[in-house]
Amino acid sequence: MTNALPPQLTWQQVCARRLHVHALSQPAKGVRPAEIVTAMAGTHAQVMSAAELGIALRIEGSTRVDVRHALWNDHSLIKTFGPRGTVHLLPADELATWTGALSALPPGISPFPESVRMSPDQTEAVVEAIGTALLDAELTVDELTEAVADLAGSWAADPVIPAFQTYWPRWRQVQHLAGHRGTLCFGPNRGRNVTYTNPRRWLPSFRPAPAEEALPRLLRSYLRAYGPSTPQRFAHWLNAPVSWARAVFESAAGELCRVDVEGNAAWLPAGEVDLPYLPDVPGQVPSGVRLLPYFDGYAYRVGNQPPEHLYPGRAADRVLGGNFQVLLVDGVVGGLWHQRRSGRRIAITVEPVVDLTAAQREDLDLQVRRVGEVLQGNPTLTIGRVTVGGHG
């Protein structure tokens, strides 16, 4: 029996690993958008234009058209509800794992009053009705409301959920759960209207994986994307109880490797410790300037890295309090940015909170040019204060 110490890592090495895995140290060559989304353990897609930008920036020569094709033509990406019940793009070939794991999460406490909530039987009826209604259709929310009411009962359409100066129907409180169960995903927009469909329309053999298989797989996917990490941070990423997350780690213990990050225990998938993106040369640090769109920087933080390491100095005061588009400098937040489009013109304002070297300034010019290529427009760069607030 050996008492060897676990591998020792610094936060700089963790940053270097993250940049490499997320294709931020160098854009990936010859890969599909779905492979990038796999590397990111899902891409936040509440703002679709931001998701398109974040994915395409990570692929050499890619544009938003490639991401749209992956979603709506070859269906290698699926838009649905992912971690924390938020809208994500997920790889189609991993949808069974995602739905099997997410549907096994412990149920949270309902934020709704008793008069609005649904019983367990009503919840099951609605989830089944959603899947049936969408199996051969792409429906708007109003059309889906009518279909769910027909299949589950008129009570499902009662307008009882306060939302945006109106009331949503009762069934919508479990809309994200239908996504987690694999009976609902997003379809292409119909004009300005969002549509929903059943992922089995595009993936006929799709079925959620059993929880005992799916949870360890999702944990490994998370640790590949955001590790080294801990049960506490895994729980935060999923908005799940820490005790539950510890049990998932314990169930996968034989497939994990413990490391030490500046005195703190954390875990990686076994076999991913001695890889070339963990530099061991003294003084070697992560480098480069990157522009991360909305929610990309948030995911970069919520997945693992403690705020004090990711938002050093002035970044903590200027950027940490809101969901901004992030200027990443040498693997940590060094400012924020915003773009405003008018026709083909894209006016980009970047507000650094650190002094940029000449090389970093040149890197920023290249990033601005790439944003223009991805968004198929003509970018201009202004260095100055970003006057818009964070995205809601």
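In this text, all values refer to a predicted model and were calculated from it rather than measured experimentally.

Student: What is the right way to look at the layout of surface pockets in this model?
Tutor: Empty space among the atoms becomes apparent when a probe as large as a water molecule is rolled across them. A volume near 1300 Å³ is recorded for the largest pocket. Broken down by secondary-structure element, the contributors of at least two residues to the lining of the largest pocket are helix H6 (120–134) and helix H8 (175–181). If you tally residues by element for the lining of the largest pocket, the top one is H8, at five residues. Looking at the lining of the largest pocket, its residues break down into 19 nonpolar, 11 polar and five charged.

Student: What should I look at first to understand helix H11 (residues 242–251) in this one?
Tutor: Within an α-helix, residues lying three or four positions from one another point in the same direction, as the helix has 3.6 residues per turn. Every buried residue of H11 is listed here: Trp-244, Ala-245, Val-248 and Phe-249. Along the axis of H11, the buried positions cluster into a sector of 145°, meaning they face one direction only. Facing away from the buried side of H11, by more than 90 degrees, are the exposed residues Ser-243, Glu-250 and Ser-251.

Student: Before we go on, may I ask you to explain the sheet that holds strand E9 (residues 193–197) in this structure?
Tutor: Backbone-to-backbone hydrogen bonds join strands into a sheet, with any given pair of strands oriented parallel or antiparallel. The three strands lie next to each other as E5-E9-E8, forming an open sheet whose pairing is antiparallel. Either end of the sheet is taken by a strand with one partner, and the two such strands are strand E5 (139–140) and strand E8 (185–190). When E8 meets E9, the two strands line up antiparallel, connected through four bridges. Of the residues in E9, the one forming a bridge with Arg-190 is Asn-193.

Student: Can you help me understand empty space enclosed by the protein in this one?
Tutor: The final tally for this structure, using the stated rule, is three cavities of 30 Å³ or more. Taken as a whole, the largest cavity holds about 70 Å³ of empty space. Considering the residues around the largest cavity, the lining is formed by Ala-23, Leu-24, Pro-27, Gly-54, Leu-57, Arg-58, Arg-290, Leu-291, Leu-292 and Gln-367. The element that contributes the greatest number of residues to the lining of the largest cavity is strand E12 (residues 289–292), accounting for three residues. Residues of the lining of the largest cavity, tallied by class, amount to six nonpolar, two polar and two charged.

Student: I keep staring at the packing of aromatic side chains and nothing clicks. Help me out?
Tutor: The description of an aromatic ring pair rests on the distance of the ring centres and on the angle between the ring planes. Taken as a whole and assessed by the stated rule, the structure comprises 13 aromatic pairs. Consider the rings of Phe-186 and Tyr-196, whose centres lie 5.1 Å apart with planes at 45°: the pair is tilted. In this pair, Phe-186 is assigned in strand E8 and Tyr-196 in strand E9, connecting sequence segments 10 residues apart. Grouping residues by exposure puts Phe-186 and Tyr-196 together as buried. When the centroid spacing of 6.1 Å and the interplanar angle of 80° are considered together, the rings of Phe-249 and Trp-267 count as edge-to-face.

Student: Where do I start with the environment of Pro-162 in this structure?
Tutor: Note on placement: Pro-162 falls in strand E6 (residues 159–163). Exposure remark for Pro-162: the relative accessible area of 59% places this residue in the exposed category. The sequence separation of Pro-162 and Val-67 amounts to 95 residues, and the corresponding C-alpha distance is 34 Å.

Student: It is not clear to me how the packing of helix H10 (residues 231–238) against H11 should be interpreted in this structure. Could you clarify?
Tutor: Packed helices, taken two at a time, are described by the angle their axes make and the gap between the axes. Viewed as axis vectors pointing N to C, H10 and H11 meet at an angle of 115°, and their least axial separation amounts to 8 Å. Between H10 and H11 lies a crossing whose hand is right-handed. For the pair H10 and H11, the contacting residues are Pro-231, Gln-232, Phe-234, Ala-235 and Leu-238 in the first and Val-242, Trp-244, Ala-245, Arg-246, Val-248 and Phe-249 in the second. Here the contact of H10 with H11 is composed, by residue class, of nine nonpolar, one polar and one charged.

About the criteria used
Residues numbered from 1 in each chain as written. Predicted model: local features only at pLDDT ≥ 70, side-chain atom pairs only at ≥ 80, totals over all residues. Heavy atoms only, no water. 1 Å grid on protein atoms, 1.4 Å probe; cavity = no way out; pocket = protein on both sides within 12 Å on 5 of 7 lines; lining within 4 Å. Points joined across faces, edges and corners; volume = space filled by probe spheres on them. Helix = DSSP H or I, 4+ residues; strand = E, 2+ residues; numbered from the N terminus. Nonpolar A, V, L, I, M, F, W, Y, C, P; charged D, E, K, R; others polar. Buried < 20%, exposed > 50% of the residue type's maximum accessible area, 1.4 Å probe, protein only. Arc of directions from axis to C-beta. Pairing = 2+ DSSP bridges. Phe/Tyr/Trp six-rings, centres within 6.5 Å; stacked < 30°, edge-to-face > 60°. Axes fitted to C-alpha atoms, helices over the stretch in contact; angles between N-to-C directions. Left-handed = near helix turned anticlockwise from the far one by under 90°. Contact = heavy atoms within 4.5 Å.

Everything listed here is a matter of coordinates, which is why it stays silent on function.
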